[in-house]
Amino acid sequence: MSMDSDEALYARVKRQGDMHAFDELYERYCRRLYGFLKGQLRTRADAEDVFHEALMATLESDEVVFDRGSFRTWLYRIARNLVLNRIRSEGRGENALGKLACDDEPVPSTDERVADMQLLRALDGAVARLPSPLSEVYHLRSSGLSYEEMATVLGIPLG
């Protein structure tokens with residue numbers, strides 16, 4: 001993995017069609033962005049669809065100059081808009097546990113998986129009971145966004 005910024009990788013994708021740079025962006029965001037989308041859409045299939053739609057939107061858009069934010073903020077804003085569109089058109093789906101495999105990880109034991117599933121169900125249930133704006137903030141923060149980035153994605157003042 002290179003140490004290039006997200007913005008530099010994006011510029012390489014847009015200007016040179018550098019698919020290695022795109023792959024690196026994909027790897028950087030597959031877990032966190034997918035996790036955010038999964039929390040918002042509640043089904044693995046919808047989250048995967050929107051994840052790929054958001055990444056494709058970055059390729060299809062005109063080149064962006066990041067003067068008011070970062071690539072990450074811009075990507076999450078695109079993903080959030082896609083989520084809102086999907087929720088409006090289809091409504092919320094049922095909760096499904098699942099994990100997107102972004103890289104090779106050791107396979108957890110059965111006991112670890114059961115404990116993880118129980119914890120995820122409890123957390124998922126608690127977050128699902130939150131009002132929508134709070135749930136969205138929780139998922140953005142757990143995706144690693146700063147407060148400034150969350151305010152930009154949500155289109156609200158930082159305070």
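Shown above is the structure to which this text applies.
1. Focus: the overall build of the chain
Step number 1: Across its full length, the chain carries 7 helices and 0 strands.
Step number 2: Counting only residues that meet the buried cut, the chain has 36% of its 159 residues in that class.
Step number 3: Residue pairs in contact within the chain that sit at least 24 positions apart in sequence constitute 68% of those at least 6 positions apart.
Step number 4: Taken as a whole, the chain presents about 9,500 Å² of accessible surface, with 54% of it coming from carbon and sulfur.

2. Some words on the packing of helix α2 (residues 19–41) against helix α3 (residues 44–60)
Step number 1: Where α2 contacts α3, the two axes come as close as 9 Å, and the packing angle between them is 140 degrees. Relative to α3, α2 is oriented oblique. When you trace α2 past α3, the crossing you get is right-handed. In contact with F22, Y26, Y29, C30, L33, Y34, L37, K38 and L41 of α2, α3 contributes R44, D46, A47, E48, V50, F51, H52, L55, T58 and L59.
Step number 2: Of the residues belonging to the contact of α2 with α3, the class tally is 13 nonpolar, 2 polar and 4 charged.

3. Brief notes about the pattern of salt bridges
Step number 1: Evaluated as defined, the whole model comprises 9 salt bridges.
Step number 2: Among the salt bridges present, the one from E24 reaches R28, with a minimum N-O distance of 2.8 Å. Remark: R28 and E24 occur in helix α2; sequence separation between them is 4 residues, near one turn of the helix.
Step number 3: Overall, the relative accessible area of 11% leaves E24 in the buried class.
Step number 4: A single salt-bridge network, built from bridges that share partners, covers D46, D49, E53 and R86.

4. Here's the deal with the nonpolar core
Step number 1: Within the largest apolar cluster, 31 residues are counted, with the highest numbers of intra-cluster contacts made by L33, L37, Y76 and L140.
Step number 2: Those elements giving two or more residues to this core turn out to be α1 (6–16), α2, α3, α4 (71–90) and α7 (147–154).
Step number 3: Looking at this core element by element, the count peaks at 10 residues for α2.
Step number 4: Those residues in contact with L33, other than ones at most four positions away along the chain, are F51, L75, Y76 and A79.

5. Here's the deal with the packing of aromatic side chains
Step number 1: Going through the model one piece at a time under the given rule, you end up with 6 aromatic pairs.
Step number 2: Centroid distance Y10 to W74: 5.3 Å. Interplanar angle 70 degrees. Geometry classified as edge-to-face. Here W74 lies in helix α4 and Y10 lies in helix α1, a separation of 64 residues in the sequence. For the residue pair Y10 and W74, the accessibility class agrees, reading buried in each case.
Step number 3: By the ring-pair criterion, three or more aromatic residues cluster together here, those being Y10, Y29, F71 and W74.

What counts and how
Position labels on residues start from 1 in each chain and follow its written sequence. Under the rules for a predicted model, residues below a pLDDT of 70 receive no local features and side-chain atom pairs below 80 are neither given nor counted, while totals for whole chains, interfaces and linings still include all residues. Only hydrogens and water are set aside; all other atoms, that is, all heavy atoms of the structure, feed into the side-chain values. Counting from the N terminus, the helices are the DSSP runs of H or I reaching at least four residues and the strands are the DSSP runs of E reaching at least two. Only protein chains enter the area calculation, which uses a 1.4 Å probe; residues under 20% of their type maximum are buried, those over 50% are exposed, and those in between are partly exposed. We call two residues in contact when some of their heavy atoms are within 4.5 Å. Each accessible area is a Shrake-Rupley result for a 1.4 Å probe, and residues are judged covered by the shown protein chains and nothing else. Think of each axis as a best-fit line through the C-alpha atoms, taken over the contacting stretch in the case of a helix, with angles from 0 to 180 degrees between the N-to-C directions. Comment on the angle field: the value is read as roughly parallel under 35 degrees, roughly antiparallel over 145, roughly perpendicular from 65 to 115, and oblique elsewhere. Left-handed is the label given to a crossing in which the near helix is rotated counterclockwise from the far helix by less than a right angle, and right-handed is the label when the rotation is clockwise. Charged means Asp, Glu, Lys or Arg here, nonpolar means Ala, Val, Leu, Ile, Met, Phe, Trp, Tyr, Cys or Pro, and polar covers whatever is left, Gly included. Salt-bridge detection follows one rule: a side-chain nitrogen of Lys or Arg within 4 Å of a carboxyl oxygen of Asp or Glu. Nonpolar cores are built from buried Ala, Val, Leu, Ile, Met, Phe, Trp, Tyr and Cys residues. Side-chain atoms within 4.5 Å join them into one set. Think of it this way: a Phe, Tyr or Trp ring, Trp meaning its six-membered ring, pairs with another when their centres are within 6.5 Å, and the plane angle makes it stacked under 30 degrees, edge-to-face over 60, tilted otherwise.

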